[in-house]
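Examination of the molecular architecture
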Amino acid sequence: NAGVTQTPKFQVLKTGQSMTLQCAQDMNHNSMYWYRQDPGMGLRLIYYSASEGTTDKGEVPNGYNVSRLNKREFSLRLESAAPSQTSVYFCASRLTGQGYTFGSGTRLTVV
Amino acid sequence: GNSVTQMEGPVTLSEEAFLTINCTYTATGYPSLFWYVQYPGEGLQLLLKATKADDKGSNKGFEATYRKETTSFHLEKGSVQVSDSAVYFCAWKEGGGNKLTFGTGTQLKVEL
């Protein structure tokens, strides 16, 4: 039972490069989420998908795009990375009425 | 706006000491309240939750009571262990809502 799987675990980008963070869950959960974690700021919601085919902005969506490819997968794309996007990114999923399951995170550094 | 505020860390305790990490919330309506724990290098795990006033969540010796009159959900443990060293996050969610909102986290260090 893999739970929520995020790839890659670590990434270094140059300013202006693009990349996609991948997230997949094998628990048949409806909702999926992308958070970023920064020192002293806790976790902040970037985007979420309440169900397959829908996506909505969270607290800090600027500079990001998402795709809910199917029920299992929810990707986060940085089109033109900036140093301010250096962070640890967490994907999570949830079945309606149940708790959240988090992945182990992607540590992204933009230089 | 709606939010949770938790005490800043780091909190450093000796093993077997009593732990309290304060959390207060500001929310309209009747939110559900949570404590999550993050061990070094890992994602967040649900520690306990409470969905209505006066509910007590408990797990692994940790407890928290949803107190509407003081808008608080303080985390307590009677006797901490070195293995409890982690970052603890208070969080809330609107009843029936989809989004979990986190506090800033409190780092706990337990020493022998």
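Right above here is the structure, for reference.
Residues numbered from 1 in each chain as written. Chains lettered and ligands numbered in written order. Predicted model: local features only at pLDDT ≥ 70, side-chain atom pairs only at ≥ 80, totals over all residues. Heavy atoms only, no water.

In this section: the state of the cysteines. All names here are of chain B. Scanning the model with the defined rule gives two disulfides over all chains in all. Note on cysteine connectivity: Cys23 is disulfide-linked to Cys90, with sulfurs 1.9 Å apart. Handedness of the Cys23-Cys90 disulfide follows from its S-S torsion of about -65°: it is left-handed. One end of the pair, Cys23, is in strand S4 (residues 23–26); the other, Cys90, is in strand S10 (residues 86–93), and 67 residues separate them in sequence. The buried category is assigned to Cys23, whose relative accessible area is 1%. (Disulfide = S-S within 2.5 Å. Helix = DSSP H or I, 4+ residues; strand = E, 2+ residues; numbered from the N terminus. Buried < 20%, exposed > 50% of the residue type's maximum accessible area, 1.4 Å probe, protein only.)

Here we take up the sheet that holds strand S7 (residues 65–68) of chain A. Residue and element names in this part refer to chain A. Taking strand neighbours across the sheet as the criterion, the four strands line up as S1-S3-S8-S7 in an open arrangement whose pairing is antiparallel. On the outer flanks of this sheet lie strand S1 (4–7) and S7, each paired with one strand and no other. Across the sheet, the mean angle separating the axes of adjacent strands is 15° when strand polarity is ignored. (Pairing = 2+ DSSP bridges. Axes fitted to C-alpha atoms, helices over the stretch in contact; angles between N-to-C directions.)

Facing the 15 residues of chain B at the interface are 17 residues of chain A. At the surface where chain B touches chain A, the tally comes to zero salt bridges. The interface formed by chain B and chain A includes three residue pairs in polar contact (both at pLDDT 80 or more). Mapped onto the side of chain B that touches chain A, the elements with two or more residues apiece are strand S5 (32–38), S10 and strand S11 (100–102) of chain B. Looking at side-chain class alone, the side of chain B that touches chain A contains five nonpolar, seven polar and three charged residues. (Contact = heavy atoms within 4.5 Å. Salt bridge = Lys/Arg side-chain N within 4 Å of Asp/Glu carboxyl O. Polar contact = N/O pair within 3.5 Å; in protein donor to acceptor, adjacent residues only side chain to side chain. Nonpolar A, V, L, I, M, F, W, Y, C, P; charged D, E, K, R; others polar.)

This part takes up the sheet that holds strand S9 (residues 75–77) of chain B. Residue and element names in this part refer to chain B. An order of S3-S9-S8-S7 is seen for the four strands of this open sheet, with the pairing classed as antiparallel. The sheet is open, and its two edges are formed by strand S3 (19–21) and strand S7 (56–59), each paired on a single side. Ignoring strand direction, the axes of neighbouring strands in this sheet form an average angle of 15°. Bridge count for strand S8 (residues 62–65) against S9 is three bridges, and the pairing is antiparallel. When the sheet's bridge partners are listed, Ala64 is paired in S9 with Leu75.

Before going further, it helps to examine the pairing of S10 of chain B. Residue and element names in this part refer to chain B. With seven of its eight residues buried, S10 lies for the most part within the structure. Summarising the sheet, S5 and S10 pair through seven bridges and their orientation is antiparallel. From the neighbouring strand, Gln38 faces S10, where its bridge partner is Val87. In terms of strand pairing, S10 meets strand S12 (residues 106–111) through three bridges, oriented antiparallel. The residue of S12 that forms the bridge with Tyr88 is Thr106. In terms of strand pairing, S10 meets S11 through three bridges, oriented antiparallel. The residue of S11 that forms the bridge with Trp92 is Thr101. Hairpin connection of S10 to S11: six residues between the antiparallel strands, including Gly96 at a positive phi of 80°.

The quantities given are spatial measurements derived from coordinates; they are silent on function.
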